Amino acid sequence: MKKKWALLSMMFFTISVLAGCDLLVLDPKGPQAERQASDIFLSMGIMSFIVLVVFGILIYMLVKYRASKQSEDYNPPHVEGNKYVEAIIVIIPVIIVTFLSFVSVKSNYIVESTPAGYEDREPLVIYASSSDWKWHFSYPEEDIETVNYLYIPTNRPLEFKLYSHGPITSFWIPQLGGQKYAMSDMVTTLHLAADEPGELMGRNANFSGKGFAENTFNVNVVTPMDFEEWVDEVKQTAEPLTEEKFAELLEPGHLGQLTFSSTHLEFAPPPEGENGGHHHGSSSEEEAEMEHEDETKNEHTDSSEHHH
Amino acid sequence: MEFFERFAIPHPSPLIYASMVAIGLTVIAIIAGLTYFKKWGYLWREWLTTVDHKRIGIMYLFSALLMLFRGGVDAIMMRAQLAVPENTFLDAQHYNEVFTTHGVVMIIFMAMPFIMALMNFVVPLQIGARDVAFPRLNALSFWLFFMGAMLFNVSFVIGGSPDAGWTSYFPLAGNDLSTSVGTNYYMIAIQIAGLGTLMTGINFIATIFKMRAPGMTLMKMPMFTWASLITNVIIVFAFPVLTVALAMGTFDRLFGTHFFATTNGGMDMLWANLFWIWGHPEVYILILPAFGIYSEIIPTFAGRNLYGYKSMVFSMVIISLLSFLVWAHHFFTMGQGAFANSIFSITTMAIAVPTGIKIFNWLFTLWKGKIRITTPMLYSMLFIPIFTIGGVTGVMLGMSAADYQYHNTMFLVAHFHLVIIPGVVFAMLAGLTYWWPKMFGFMLNERLGKWAAWLVASGTIVAFFPMFISGLDGQARRMYTYSESTGFGIWNMLSFVGAGILAIGFVLIVYNIYYSTRYASRDIPADPWNARSLEWATPSPTPAYNFAITPEVDSRDAFWNAKRSKKSLFKGGYKDIHMPNNSGGPIIMSAIFFVLGFALIFSLWTVAIIAAVGIAGCLIYRSFEQDHGYHITADELKEMEDNNGGAK
Amino acid sequence: MKVNHTGPLEYSTEQNNLNILGFWIFIGAEIMLFATLFASYFTLVDRTAGGPTGAEIFEITPVLIETILLLTSSFTIGLAVHAMRLANKKAMLTFFAITLLLGLAFLGVEIYEFVHYVHVGAGLGTSAFTAILLTTLGTHGAHVTFGLFWGIFIMMQIKKRGLTPQTANKSFIFSLYWHFLDVVWIFIFSFVYLKGMM
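Residues numbered from 1 in each chain as written. Chains lettered and ligands numbered in written order. Predicted model: local features only at pLDDT ≥ 70, side-chain atom pairs only at ≥ 80, totals over all residues.

J.: Just checking my understanding: could you explain the overall build of chain B for this structure?
T.: For chain B, the helix and strand inventory stands at 21 helices and 2 strands. Here the C-alpha atoms of chain B give a radius of gyration of 25 Å, agreeing with the 26 Å that 2.2 N^0.38 yields for 648 residues. When the backbone C-alpha atoms are referred to their principal axes, chain B occupies close to 70 × 60 × 50 Å. A buried classification covers 63% of the 648 residues belonging to chain B. Within chain B, contacts between residues at least 6 apart in sequence are counted, and of these 82% link residues at least 24 apart. (Helix = DSSP H or I, 4+ residues; strand = E, 2+ residues; numbered from the N terminus. Rg over C-alpha atoms; globule rule 2.2 N^0.38 Å. Buried ≥ 20, exposed ≤ 12 C-beta atoms within 10 Å, placed from the backbone. Contact = placed C-beta atoms within 7 Å.)

J.: How should I be thinking about the sheet that holds strand 5 (residues 158–164) of chain A in this particular structure?
T.: Pairing between the strands of a sheet is mediated by backbone hydrogen bonds and can be parallel or antiparallel. Residues and elements named next belong to chain A. The mixed open sheet is built from 6 strands, whose spatial order is 8-5-1-2-3-11. The outermost strands of the open sheet, each flanked by one partner alone, are strand 8 (188–192) and strand 11 (258–260). Taking the axes of each pair of neighbouring strands and ignoring which way they run, one obtains an average angle of 20 degrees across the sheet. When strand 1 (residues 124–131) meets strand 2 (residues 134–139), the two strands line up antiparallel, connected through 5 bridges. The residue of strand 2 that forms the bridge with Ser130 is Trp135. (Pairing = 2+ DSSP bridges. Axes fitted to C-alpha atoms, helices over the stretch in contact; angles between N-to-C directions.)

J.: I tried to follow the interface of chain A and chain B on my own but got confused; where do I start?
T.: For an interface, size is often stated in terms of accessible area lost upon the parts coming together. Listed per partner, the contact involves 87 residues of chain A and 82 residues of chain B. Mapped by element, the contributors of at least two residues to the side of chain A that touches chain B are helix 1 (2–19), helix 2 (31–64), helix 3 (83–111), strand 7 (177–182), strand 9 (198–204) and helix 6 (286–304) of chain A. Residue contributions to the side of chain A that touches chain B peak at 17 residues, all from helix 3 of chain A.

J.: I tried to follow the sheet that holds strand 7 of chain A on my own but got confused; where do I start?
T.: Residue and element names in this part refer to chain A. Here 5 strands make up an open sheet; going across it, the order is 4-10-9-6-7 and the pairing mixed. With partners counted over all chains shown, the strands left at the sheet margins are strand 4 (149–153) and strand 7, one partner each. Adjacent strand axes in the sheet meet at a mean angle of 20 degrees, parallel and antiparallel pairs treated alike. Note: strand 6 (residues 169–173) against strand 7, 4 bridges, orientation antiparallel. Each residue of the ladder has a partner; that of Phe171, found in strand 7, is Lys180.

J.: It is not clear to me how the domain arrangement of chain A should be interpreted in this structure. Could you clarify?
T.: Residues and elements named next belong to chain A. Taken domain by domain, chain A consists of domain 1 (2–71 + 78–111) and domain 2 (124–275 + 287–304). Facing the 11 residues of domain 1 at the interface are 14 residues of domain 2. The dominant element in the side of domain 1 that touches domain 2, judged by the number of residues it contributes, is helix 2, at 4 residues. Looking at side-chain class alone, the side of domain 1 that touches domain 2 contains 6 nonpolar, 3 polar and 2 charged residues. (Domains from an automatic or database assignment. Nonpolar A, V, L, I, M, F, W, Y, C, P; charged D, E, K, R; others polar.)

J.: Just checking my understanding: could you explain the pairing of strand 6 of chain A for this structure?
T.: Working note: regular strand, side chains alternate between the two faces of the sheet. Residues and elements named next belong to chain A. Counting buried positions over the 5 residues of strand 6 gives 5, a clear majority of the element. Residue alternation in strand 6 divides its side chains into two sets, Thr169, Phe171 and Ile173 and Ser170 and Trp172, and both sets are buried. In textbook terms, the turn of a hairpin is the stretch between consecutive antiparallel strands, and for strand 6 and strand 7 this stretch comprises 3 residues. Both strand 6 and strand 9 contribute to a ladder of 2 bridges, which runs antiparallel. Bridge pairing in strand 9 places Trp172 opposite Arg203.

J.: Teacher, can you tell me more about unusual backbone geometry here?
T.: The phi angle of most residues is negative, glycine excepted, and most peptide bonds adopt the trans form. Residue Trp133 of chain A follows Asp132 of chain A across a cis peptide bond; omega there is -10 degrees. Counting through the fold element by element, Trp133 of chain A comes out in the loop between strand 1 and strand 2. Backbone geometry at Arg478 of chain B places phi at a positive 70 degrees, although glycine is not the residue there. Here Arg478 of chain B shows up in the loop between helix 16 (446–472) and helix 17 (489–519). Even without being a glycine, Ser603 of chain B presents a positive backbone phi close to 55 degrees. Structurally, Ser603 of chain B can be placed in the loop between helix 19 (585–601) and helix 20 (605–624).

J.: I tried to follow the packing of helix 4 (residues 53–82) of chain B against helix 5 (residues 92–126) of chain B on my own but got confused; where do I start?
T.: Residues and elements named next belong to chain B. Contact geometry of helix 4 with helix 5 gives a least axis separation of 7 Å together with a crossing angle of 155 degrees. It follows from the interaxial angle that helix 4 and helix 5 lie roughly antiparallel. Of the two possible hands of crossing, helix 4 and helix 5 adopt the one that is left-handed. Class assignment for the residues of the contact of helix 4 with helix 5 results in 24 nonpolar, 8 polar and 3 charged. (Parallel < 35°, antiparallel > 145°, perpendicular 65-115°, else oblique. Left-handed = near helix turned anticlockwise from the far one by under 90°.)

J.: Please explain helix 9 (residues 268–302) of chain B as it appears in this structure.
T.: What sets the pattern is the α-helix's 3.6 residues per turn: residues three or four places apart point alike. All names here are of chain B. Taking 1.5 Å of rise per residue, 35 residues should cover 51 Å, and helix 9 covers 51 Å from first to last C-alpha, within 8% of that figure. Residue Trp276 marks the point of greatest curvature in helix 9, where the axis turns by about 25 degrees. Within helix 9, 34 of the 35 residues are buried, which leaves the element mostly enclosed by the surrounding structure. Where helix 9 terminates, the next one or two residues include Gly303, which has phi positive at roughly 70 degrees. (Expected span 1.5 Å × (residues − 1). Bend = angle between axes of the 7 residues up to and from the residue.)

The structure is reproduced here in structure tokens:
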């Protein structure tokens with residue numbers, strides 16, 4: 001019996017620790033992460049209720065119907081089951097699951113679109129591509145590129161276009177929102193936004209080989225003004241990114257933080273639109289190639305558009 | 001020299017060399033021991049060539065325990081490495097190999113044979129059958145599994161272990177990024193074991209459909225048999241998907257195809273989809289038999305019939321259907337969009353309903369009961385609360401938007417361990433203790449057993465609860481190290497302590513087996529637990545032919561009712577019993593499969609062709625073989641039954 | 001061994017019944033196997049990576065010949081089982097032999113087809129499309145090949161041992177297998193070739 005109480009107190013301890021809110025996921029700094037954290041708290045609350053009900057019934061049964069508490073000649077009855085009891089244990093979970101399904105579906109559409117309250121603002125598009133074991137961040141509008149660190153402005157929707165130069169990785173800034181995969185033959189889109197300036201942790205969350213543990217990046221959230229300043233500074237001081245240099249960067253290994261005043265997007269375009277599906281096959285049969293590209297184009301607009 | 005280089009471990013360490021020596025010495029010791037005690041003949045006649053479902057079950061059991069320790073050592077190494085920040089006990093490559101083999105060994109080579117062990121041993125007895133439908137095929141299933149498991153473990157000492165995770169996602173698992181033969185081992189060893197599993201599926205469906213005792217309608221079957229039936233149906237429909245996926249993966253690695261590559265039109269997501277179309281049903285292949293075991297143990301020790309039998313069956317059927325409709329929840333973050341995620345989110349959470357029905361039915365089975373807390377019952381009672389927590393966190397993970405935050409983190413790791421360990425491992429340990437007297441004719445020590453149960457349960461809690469917290473704090477899974485500033489240290493240290501407690505629990509279980517084998521009384525009744533189903537109507541240990549007279553059944557708890565009304569289930573006199581002959585075919589053919597697998601892994605084409613011809617030869621031999629089995633005559637039967645007390 | 005003489009020979013013992021049920025379940029697994037291959041085929045069919053598409057390499061004549069051969073063989077194995085039920089050993093063996101010969105011819109044309117594909121630059125390694133095409137066709141072809149050997153051994157056993165419950169059971173199960181391969185081929189014909197050529 002002590003065990004049960006130990007379990008219970010453990011659970012309360014867990015919840016109170018979580019409610020303490022110094023855990024990254026539960027300490028959101030942007031609208032998407034906020035939505036996710038509130039979903040987490042909501043489901044955790046409902047689930048704790050279920051856990052308590054189960055624990056309660058279990059403890060009651062174990063206390064009340066122990067053999068040691070019953071007479072020697074007590075013979076338990078044969079009980080087939082009861083329509084009403086069984087209806088209750090179906091209906092209540094169904095109601096809970098239905099409720100959570102509504103929440104879940106709603107949240108899906110929220111996290112897959114421009115963050116609430118940011119719809120009327122121009123999104124900042126950043127191509128985030130991974131290679132073993134680095135992140136390359138290309139700002140096509142600003143025409144700059146960084147490695148292993150991000151500068152992002154507050155109060156502006158962020159549209160991360162994710163893809164990979166190697167294995168499947170997962171782009172994750174816990175305090176801004178959940179992760180999404182970066183893959184080599186399609187571009188996925190992650191919608192984020194940051195509410196306040198600060199320094200955040202970002203990483204690849206999907207195992208990608210030897211250097212995976214250190215596959216992290218810094219996220220500097222700054223005011224829009226500071227962001228403009230940073231862009232100008234980069235443009236003045238950094239070298240442009242050449243094709244040779246980029247090939248060198250793609251070599252497996254770890255790099256520190258690097259900055260360039262041009263992106264790799266022109267000479268190594270991301271696998272979206274007509275570059276989707278990666279064809280490294282022979283290009284001698286151009287006709288087939290063209291035909292194929294049209295098909296993949298459709299396919300990829302389908303799969304990378306998230307608001308149907 | 002170049003030829004031999006491929007067999008070298010690409011990334012050796014003193015730890016591996018030490019293990020090689022240890023393995024070598026153990027093998028030599030076993031061979032020497034068998035030779036010295038002249039046990040080779042006994043081993044061959046009684047075990048290696050057996051087609052008896054009970055002996056096959058016992059061999060599955062020992063393989064599972066063996067693999068539990070292999071996987072357990074992997075687990076301890078992982079937890080030790082992560083116990084403190086920036087630890088250097090294992091480097092990245094070793095850590096990757098360790099968590100990969102831990103996953104594969106525990107799921108494919110520990111949990112699977114464990115359920116196969118109990119299914120093999122118990123199901124024919126529970127339905128009053130003499131054996132399974134295809135005894136020879138059953139032996140082949142076991143030996144294919146066994147050879148697959150051994151082949152996989154060879155990777156540790158020859159050529160290098162797989163290192164792309166138990167999910168083996170491409171392109172990471174492709175030749176370019178996973179250059180050692182490790183992933184070849186993964187593809188081929190699992191393929192061979194999987195063939196065995198598929199055959200078991202076919203075998204048990206046929207057995208359960210066609211070989212039940214007279215009067216045992218489907219709705220009068222014991223719940224474990226029901227669970228086994230549904231499990232095997234899932235096996236038959238899920239394993240071919242794995243077969244194809246592994247074959248395509250093998251082709252990519254050996255024959256230059258580009259199914260999952262990033263070039264030539266390959267599609268890495270296809271692997272992930274195929275893997276989980278098998279992988280999610282696989283989870284239920286493991287958990288449903290466990291549910292079946294609890295459904296046997298809880299009524300027995302509550303002294304009452306199972307509450308809500310029909311809804312128990314119905315919920316398992318629903319679970320088995322839903323299990324094929326949720327696979328994409330393993331990659332909500334793949335960018336398939338809000339609509340697809342919503343569908344899979346709903347189907348995933350829907351599984352909570354039938355699972356909840358089962359939990360409540362078990363709880364209500366205790367109602368008005370007379371509960372005896374024995375070791376199997378203790379595991380069951382510890383299972384309910386811990387599994388509930390594991391289960392409800394599964395619902396949380398099913399909320400796809402929130403899953404973007406849980407995915408790939410320790411939160412997920414905590415969730416699935418808190419479902420699989422109480423769900424499967426507790427059930428197996430409970431079932432092991434429960435059916436042990438039927439298998440070996442003596443009982444395991446209750447005091448040691450209960451101690452072990454408490455240790456295993458508290459170890460599980462201490463090891464995995466902290467992961468919920470570190471996961472929410474941003475600790476990704478499969479990281480071989482982390483810096484101190486992350487603050488993950490304390491939680492991982494706790495997990496390490498928990499793993500240590502778990503380890504002590506398992507050592508205690510082994511000690512219990514040793515202790516009870518030596519000291520436990522052999523003079524036990526056929527039905528030591530006062531149980532309810534037909535297997536307890538046979539003497540302990542059960543004779544080769546199971547039932548001297550086929551029982552006749554008229555209710556769900558026929559054996560229980562017969563005991564109370566003092567009637568016999570066995571009517572009529574002894575008749576001749578037809579028995580299948582032992583055969584060396586299954587082990588020989590599986591051994592050739594081992595050779596074929598090894599040859600393919602190292603691209604030794606000549607050897608592979610010779611082995612393939614050998615397998616064809618075995619099949620041809622089997623096709624032409626006329627094996628009519630043998631008969632135990634009524635007189636012999638009477639004599640044997642008189643000796644062991646007879647069926648009551 | 002209890003032999004029940006009221007029904008057909010292939011169902012006459014308990015083990016025979018088990019074998020047939022077991023084989024039906026096996027066919028269930030085979031359906032999943034081919035379903036997975038088809039699903040993968042449809043996923044990868046457009047991923048030609050600059051290599052040839054189906055329309056460019058499929059030839060209608062050999063495919064039609066293969067289809068006719070296999071459909072006919074499915075018919076003749078049916079006749080063989082019919083003859084078996086009439087206990088006409090000679091007719092049964094004849095139809096059995098015709099079935100296997102048709103199967104062999106099918107295999108011959110399929111080998112020609114494969115050589116043709118490789119010849120026009122559609123090998124295993126060319127693209128994801130060619131790989132899944134050859135794998136799907138090859139899996140079916142391997143099943144046919146296996147069936148040819150199996151069938152020959154069954155015929156040899158019938159010749160030697162006559163129509164016993166065991167050989168009848170094997171023949172019947174073989175016929176299930178052969179019909180199944182025919183059904184799979186119809187799917188391949190419709191969804192791989194016809195759809196690909198359209």
